[in-house]
Amino acid sequence: MFASSLKSRFGVRLCIMFCGLVSSTGLIVCAYATNVYLLLLGIILTGFMYLQENIALGIVPEYFDKYYNLAVNIYGFGSGLAVVVYPLLVQMAQDHYGWHGALLLLGALTTHSLIFGALIKHNKAEKSLSIPLIRDNPQREIDKTNFILNLKFLTSILKRCDANLLTDPSFIFRVVLPGIANGYTVSGWLIYIVSFALSVGATRAEASLVATTGGIGLMIIRIALPFLNSIMTYRQLLYASSITMAASLALMTLFQSIPMLSVMSMIFCLGTGTLTTEIYIAARDVTEDDQYINAVSWFHLSFGFSMIAGGTLSGIIFDISGSFSLSFLLLSVVSLLTAVSLGLENIWRAITS
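Residues numbered from 1 in each chain as written. Predicted model: local features only at pLDDT ≥ 70, side-chain atom pairs only at ≥ 80, totals over all residues. Heavy atoms only, no water.

1. Observations regarding the overall build of the chain
Working step 1: Scanning the chain from N- to C-terminus turns up 15 helices and zero strands.
Working step 2: Buried residues in the chain amount to 43% of all 353 residues.
Working step 3: Within the chain, counting contacts between residues at least 6 apart in sequence, those at least 24 apart form 80% of the total.
Working step 4: Carbon and sulfur atoms form 70% of the exposed surface of the chain, whose accessible area is close to 18,400 Å². (Helix = DSSP H or I, 4+ residues; strand = E, 2+ residues; numbered from the N terminus. Buried < 20%, exposed > 50% of the residue type's maximum accessible area, 1.4 Å probe, protein only. Contact = heavy atoms within 4.5 Å. Areas by Shrake-Rupley, 256 points an atom, 1.4 Å probe, with all protein chains shown as cover.)

Here it is as structure tokens:
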């Protein structure tokens, strides 16, 4: 949530390079971990790549105006490519070098973000602000033992995180609620898809292939979205993606063959790929440019927490019901939250106007 403040304080280049170095160090720590505490430390350090992602995506509006949608989709295409390539790369590395060598290789690859960060060109929108987290107040001494409880400190934190965005109904309806729906359904799909494929007789390689075809779906939709954005609004695409995801999840258990499961997985990822990209566009539409990085952070926060909740609840639901049909059907219902939230926004606008 401090992506915007860090970017303003230290600049894009330094933030990207620092996050790349820390996340690379995290992977190396995981490779040499001898106990669960070191492994946890490595995972925490690796999490800096998500801060890096927030900052990198947040500066897109500063470089692109006319071709903003195209730039976001090119970014998304890279994510889809990673979903396809990384699992294959990790498996090959593990087969040849073991998990220790595979983690070291991933850590080495991650250090390349230092080079990419150094190549980022400064733009006129970048500011070199130097604002301390707590302003010195000569008229009043802050009690150092209770400074976290100080109202001025908390106000400063909330302001830096653009917490006022959470009071904007448009931001809630177009960004936060769709982010929650997307995170929950994606985590549930990841948990169920391989197990369901195995339950219908697929081998482990075939089950992994079913999941990997989702990455191909992400790449396809990222290529098609610039054209779709030219003929449809992002609201229409949010509606369409929500319904597509719901339909693919509801119909998933009707197909028992690996090719058809792969097709349904691809259709699901066509929907989630569209939804994620259009949420970024919606965030830009309802916020100012200087709020965009934190708007993306709030989206990622809602997405991340819902993934945690979705993974936990999905596992509990399947353990209780023992039915993939019911589990996928519940995910289908949750995925419709995006369409419902947009409908609620229309009702809210009609009432307030």
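Don't stop here, the text continues.
2. A closer look at the pattern of salt bridges
It is possible for side chains bearing opposite charge to pair when their charged atoms get close.
Working step 1: This model, assessed by the stated rule, comprises four salt bridges.
Working step 2: We note a salt bridge from Asp285 to Arg174, for which the minimum N-O separation is 3.0 Å. With Asp285 in helix α12 (residues 258-286) and Arg174 in helix α9 (residues 169-199), the pair connects residues that are 111 residues apart, well separated along the chain.
Working step 3: Given the relative accessible area of 8%, Arg174 is considered buried.
Working step 4: In this structure, Glu345 engages Arg349 in a salt bridge whose closest nitrogen and oxygen atoms are separated by 3.3 Å. In this pair, Glu345 and Arg349 are both assigned in helix α15 (residues 337-352), four residues apart and thus about one turn of the helix distant.
Working step 5: Look at Arg349 and you get partly exposed, because its relative accessible area is 39%. (Salt bridge = Lys/Arg side-chain N within 4 Å of Asp/Glu carboxyl O.)

3. Some remarks on the side chain of Ser187
Working step 1: If you trace the backbone, Ser187 turns up in helix α9.
Working step 2: Of note is the side chain of Ser187, whose polar atom sits 2.9 Å from the backbone oxygen of Tyr184.
Working step 3: Leave out the neighbours within four places in its chain, and Ser187 touches Ser306, Met307, Gly310 and Gly311. (Polar contact = N/O pair within 3.5 Å; in protein donor to acceptor, adjacent residues only side chain to side chain.)

4. Topic: the environment of Glu53
Working step 1: Looking at where Glu53 falls in the secondary structure, it is placed in helix α4 (residues 48-58).
Working step 2: Once the C-alpha coordinates of Glu53 and His300 are considered, the two residues, 247 residues apart in sequence, prove to be 9.9 Å apart.
Working step 3: Contact partners of Glu53, with chain neighbours within four places excluded, come to Tyr75, Tyr280 and His300.

5. What about the environment of His100?
Working step 1: The topology assignment puts His100 in helix α6 (residues 68-110).
Working step 2: Given the relative accessible area of 30%, His100 is considered partly exposed.
Working step 3: His100 sits 73 residues away from Leu27 along the chain, and the two C-alpha atoms are 9.9 Å apart.
Working step 4: Apart from residues no more than four positions distant in its own chain, His100 is found in contact with Ala31 and Tyr32.

6. Observations concerning a nonpolar patch on the surface
Working step 1: Together, Leu81, Val85, Tyr86, Tyr97, Leu105 and Leu109 line one region of the surface with nonpolar side chains, adding up to about 520 Å² of accessible area.
Working step 2: Its location among the elements puts Val85 in helix α6.
Working step 3: Classification of Val85 by relative accessible area gives partly exposed; the value is 39%. (Patch = residues over 30% accessible without salt bridge, like charges linked within 9 Å, V, L, I, M, F, W, Y side chains within 5 Å.)

7. Quick look at the packing of α9 against α15
Working step 1: Between α9 and α15, whose axes approach to 8 Å, the crossing angle comes to 170°. When the axes of α9 and α15 are compared, the pair comes out roughly antiparallel. By crossing handedness, the relation of α9 to α15 is classed as right-handed. Judged by residue contacts, Pro169, Ser170, Phe173, Arg174, Leu177, Pro178 and Ala181 of α9 engage Leu337, Thr338, Ser341, Leu342, Leu344, Glu345, Trp348 and Arg349 from α15. (Axes fitted to C-alpha atoms, helices over the stretch in contact; angles between N-to-C directions. Parallel < 35°, antiparallel > 145°, perpendicular 65-115°, else oblique. Left-handed = near helix turned anticlockwise from the far one by under 90°.)

8. As for the confidence of the model for the chain
Working step 1: Per-residue confidence for the chain averages 79 on the pLDDT scale, and 83% of its residues sit at or above 70.
Working step 2: Between the elements of the chain, mean pLDDT differs from a low of 61, seen in helix α8 (residues 151-160), to a high of 92, seen in helix α11 (residues 234-251).
Working step 3: Confidence over residues 126-149 falls short of pLDDT 50; this stretch has 26 contacts with residues more than four positions distant or in other chains. (pLDDT = per-residue confidence, 0-100.)

9. Quick word on the nonpolar core
Working step 1: Formed by 47 residues in total, the largest nonpolar core has its most connected members in Phe171, Val175, Trp189, Met252, Phe268 and Phe328.
Working step 2: When contributions to this core are tallied by element, the ones reaching two or more residues are α6, α9, α10 (204-231), α11, α12, α13 (292-321) and α14 (324-335).
Working step 3: With twelve residues, the top contributor of residues to this core is α12.
Working step 4: Each residue touching Met252, except ones within four places of it in the same chain, is listed here: Trp189, Ile193, Phe196, Leu261, Met264, Ser265 and Phe328.
Working step 5: Membership of the second largest hydrophobic core comes to six residues, among which are Ile16, Ile55, Ile59 and Ile120. (Core = buried A, V, L, I, M, F, W, Y, C linked by side-chain atoms within 4.5 Å.)

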